[in-house]
Amino acid sequence: MDALDQLVKTFFDWEAMAAVLPNMIMFGLPNTLILAVSSGVLGCILGMVLAVMGTSRLTPLRWLSRIYTDIFRGVPAIVIILLIGLGLGPIVRVATGSTNPFPLAIFALTLMAAAYIGEIFRSGIQSVEKGQLEASRALGFSYGSSMRLVVIPQGVRRVLPALVNQFIALIKDSSLIYLLGLIASQREIFRIGNDAAANTGNLSPLVAAAFMYLILTVPLTHLVNYIDKRLRTGRPEKRQPDDAAALIGKGAQP
Amino acid sequence: MSEFASGSLTGKNLHLSFGTNHVLRGIDLHVEKGTTASVIGPSGSGKSTLLRVMNRLIEPDQGDILLDGRSVLKDNPDELRQRIGMVFQQFNLFPHKTVVDNVSLALRKLRKLPAEQARAEALEQLDLVGLKHKADARPANLSGGQQQRVAIARALAMKPEVMFFDEATSALDPELVKGVLALMADLAKGGMTMVVVTHEMGFSRNVSDTVTFMDAGVVVESGPPEQIFTSPRTERLQGFLADVL
């Protein structure tokens, strides 16, 4: 019984958890979200640029996109964050006087996310039937307009589930920013849990951090499943049986 | 008398190679204003490629293209394609847009019409092909025949001078072919200049003004349908007709 008590006390000491909760909600949660959302949005923009370059007819653009992706997808997040944060940190400090590590952390996370998101977008764009681009060009749209109005909207829709997965990964990777040194109000979920665990010698604050991450990620995982299902079966409320197909009793479902 | 502001179209000595594959070997095709030319021939003879070269979806290696008697090879290809409508075997409607948005997209973005006016014109085109009541449906919820009629409306909305049909009925269930062919015949009667790549010999014979038989990237024989179908001169055309009729 002693051993079990010990385990429960180590991981589920409710008092220790309750003690970190205010900080988690006041600082941890918003800081984690700031990191994940801003690098997610910027990563989508840069990722789209990479995807358009990667599907371009111009070989140098395709190569640039390839090289970028290989580098930033192939190096661990922790290495990129340290190199950018510690490497550019002093330069930024001299130039702006700011010691806030958030901009550089967001920059590092963006660079990394863009490589993955670029690959996601590229696969989506390439999965759109060639006839779509052809039909759009035949109407008189330029290559750029055709991509923007016809091909990319369809491609992005198909990879929404993968995109949400990438955002989940970003939420988790944002914890690595602790390496750059944070003052109390800059700490995100993991750092708050980790500090409390170190101070008390009890792991429960880290378990609380884990719960906080789950509160963010589990709804997203289910959102992925929902989007995935709707993409496969279509929008139920918009469905209307096709008259001609219904008459001959076939093909009403696409 | 014509419902359409159509023009004549001429391809002169068109050549195209993909690597060592010489797909078009000096094609001449002339379509008088307001007439319908059908192009027949075995698969892989270059018929569909010829259409794509004549609206410069693929640039020819050699030769000239004249629209209303004027060479268009130096024109902006996007502007040229706004003057030539094209209908595809696989319809290629934009699945993420409603039927009416499919038709109005080019009106809004290329003709720069305000949204309501573009929608009104698109509805008018849909009415013409008998699908106004499907305006707000998604293409995936239409039958193949309906999708192809929407595709025709989409092309017509740009008021093209010439219409291309690339095996427009080949992907349709047999019972849906008739409706699309009837619509194409109406356009022909209305004075649209049309180039119709087809395997529908009945359409080719009854609707078109001239028939061009292609094989292996060359025009083997061309002439009025009566001559092509009743007294083919070359062995290749005789063989082809024996196979398909």
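Here is what the cut-offs are and how they apply
- Residues numbered from 1 in each chain as written.
- Chains lettered and ligands numbered in written order.
- Predicted model: local features only at pLDDT ≥ 70, side-chain atom pairs only at ≥ 80, totals over all residues.
- Heavy atoms only, no water.
- Pairing = 2+ DSSP bridges.
- Helix = DSSP H or I, 4+ residues; strand = E, 2+ residues; numbered from the N terminus.
- Contact = heavy atoms within 4.5 Å.
- Axes fitted to C-alpha atoms, helices over the stretch in contact; angles between N-to-C directions.
- Phe/Tyr/Trp six-rings, centres within 6.5 Å; stacked < 30°, edge-to-face > 60°.
- Buried < 20%, exposed > 50% of the residue type's maximum accessible area, 1.4 Å probe, protein only.
- Buried area = accessible area lost by both parts, 1.4 Å probe.
- Salt bridge = Lys/Arg side-chain N within 4 Å of Asp/Glu carboxyl O.
- Polar contact = N/O pair within 3.5 Å; in protein donor to acceptor, adjacent residues only side chain to side chain.
- pLDDT = per-residue confidence, 0-100.
- Right-handed = clockwise from strand over helix to strand, strands pointing away.
- Core = buried A, V, L, I, M, F, W, Y, C linked by side-chain atoms within 4.5 Å.
- Expected span 1.5 Å × (residues − 1).
- Parallel < 35°, antiparallel > 145°, perpendicular 65-115°, else oblique.
- Left-handed = near helix turned anticlockwise from the far one by under 90°.
- Nonpolar A, V, L, I, M, F, W, Y, C, P; charged D, E, K, R; others polar.

### As for the sheet that holds strand β2 (residues 21-31) of chain B
All names here are of chain B. As summarised here, the arrangement of the four strands in space is β2-β1-β4-β5, forming an open sheet in which the pairing is antiparallel. The open sheet has two edge strands, β2 and β5 (70-71), and neither has a second partner. Where strand β1 (residues 9-18) and β2 come together, eight bridges link them in antiparallel fashion. Bridge pairing in β2 places Leu14 opposite Ile27. Contacts from helix α1 (residues 47-54) reach β1, β2 and β4 (62-67) within the one sheet, and its direction differs from that of β1 by about 115°.

### A closer look at the packing of aromatic side chains
All names here are of chain A. As enumerated under the stated definition, the model contains four aromatic pairs over all chains in all. With a centroid separation of 6.1 Å and an interplanar angle of 40°, the aromatic rings of Phe12 and Trp14 are classed as tilted. By relative accessible area, Trp14 is classed as exposed at 60%. Between Tyr68 and Phe72 the ring centres are 4.6 Å apart and the planes differ by 25°, which places this aromatic pair in the stacked class. Of the two residues, Tyr68 and Phe72 both sit in helix α3 (residues 59-74), four residues apart, roughly one turn of that helix. Here Tyr68 falls in the buried class, since its relative accessible area comes to 17%.

### Side note on the sheet that holds strand β6 (residues 84-87) of chain B
Residue and element names in this part refer to chain B. Reading across from one edge, β6-β7-β8-β3-β9-β10 is the order of the six strands in this open sheet, with mixed pairing throughout. Strands at the two margins of the open sheet, each flanked by one partner only, are β6 and β10 (218-223). For this sheet, the mean inter-axis angle between neighbouring strands, taken without regard to orientation, is 20°. By the bridge criterion, four bridges tie strand β3 (residues 36-40) to strand β9 (residues 210-215) in an arrangement that is parallel. Residue pairing for β9: Ser38 is matched across the bridge by Val211. Set on the sheet, α1 makes contact with β3, β6, β7 (162-166), β8 (193-197) and β9; between it and β7 the angle comes to about 150°.

### What to know about the interface of chain A and chain B
Between chain A and chain B, the residue contacts involve 27 residues of the former and 32 residues of the latter. A buried area of about 2,500 Å², summed over both sides, lies between chain A and chain B, and 54% of it is on carbon and sulfur atoms. Its largest share of buried area at the contact with chain B, chain A owes to A:Glu134, A:Ala138 and A:Leu139, together 22% of the area lost on that side. If you look at where chain A meets chain B, you find two salt bridges. A salt bridge links B:Arg52 to A:Glu134; its shortest N-O distance comes to 2.4 Å. On inspection of chain A and its partner chain B, the count reaches six residue pairs in polar contact (both at pLDDT 80 or more). Elements with a minimum of two residues in the side of chain A that touches chain B: α6 (130-139), α7 (143-158) and α11 (243-248) of chain A. Broken down by element, the side of chain A that touches chain B gets its largest block of residues, eight residues, from α6(A).

### Details of the pairing of β1(B)
A regular strand places its side chains so that they alternate between the two faces of the sheet. Residues and elements named next belong to chain B. The loop that links β1 with its antiparallel partner β2 comprises two residues; one of these, Gly19, has a positive phi angle of about 60°. Taken together, the five bridges between β1 and β4 define a ladder with antiparallel strand orientation. The residue of β4 that forms the bridge with Leu9 is Leu67.

### Some details on the confidence of the model for chain A
Close inspection of predicted coordinates is inappropriate in any region flagged by low pLDDT. Residue and element names in this part refer to chain A. The predicted model of chain A has a mean per-residue pLDDT of 89, with 91% of residues at 70 or higher. α11 is the least confidently modelled element of chain A, averaging 44 in pLDDT, while α6 averages 97, the highest of any element. Per-residue pLDDT stays below 50 along residues 237-254; that stretch engages in 25 contacts with residues further than four places along the chain or on separate chains.

### Side note on the pairing of β7(B)
All names here are of chain B. Taken across its five residues, β7 has five buried, putting it largely inside the fold. On β7, burial covers both faces: Val162, Phe164 and Asp166 on one face and Met163 and Phe165 on the other are all buried. Alignment of β6 against β7, held across four bridges, turns out to be parallel. Across the sheet, the residue bridging to Met86 is Phe164, located in β7. In this sheet, β8 lies alongside β7 in parallel orientation, the contact comprising five bridges. Bridge pairing in β8 links Phe164 to Val195. At this point the chain moves from β7, through helix α6 (residues 174-189), to the parallel β8, and the crossover so formed is right-handed.

### Some words on the nonpolar core
Ranked by size, the top nonpolar core spans 114 residues in total, and within it B:Leu126, B:Ile152, B:Phe164, B:Phe165, B:Met184 and B:Met194 carry the most contacts. At 15 residues, helix α5 (residues 102-127) of chain A tops the list of elements feeding residues into this core. Leaving out residues up to four positions away in the same chain, B:Phe165 has contacts with B:Leu51, B:Val87, B:Ile152, B:Met184, B:Leu187, B:Met194, B:Val195, B:Val196 and B:Val197. If you look at the next biggest cluster of nonpolar residues, it comprises 19 residues, including A:Met17, A:Met24, A:Ala36 and A:Ile189.

### So, α6(B)
With 16 residues, α6(B) extends 23 Å from end C-alpha to end C-alpha; this agrees with the ideal 22 Å at 1.5 Å per step. B:Gly191, located one to two residues past α6(B), shows a positive phi value of around 95°.

### Digging into the packing of helix α2 (residues 14-54) of chain A against α5(A)
All names here are of chain A. Orientation of α2 relative to α5, taken along the N-to-C sense of each, is 45°, at an axis distance of 5 Å. On the basis of their axis angle, the class for α2 and α5 is oblique. α2 and α5 meet at a crossing whose hand is right-handed. The class makeup of the residues in the contact of α2 with α5 is 19 nonpolar, ten polar and one charged.

### Thoughts on the packing of helix α5 (residues 144-156) of chain B against α6(B)
Residues and elements named next belong to chain B. Their axes nearest at 8 Å, the elements α5 and α6 cross at an angle of 20°. Here α6 runs roughly parallel to α5, going by the angle between their axes. For the element pair α5 and α6, the recorded crossing hand is right-handed. On the side of α5, the interface is formed by Gly144, Gly145, Gln148, Arg149, Ile152 and Leu156, while α6 contributes Leu176, Val180, Leu183, Met184 and Leu187. Tallied by class, the residues present in the contact of α5 with α6 amount to seven nonpolar, three polar and one charged.

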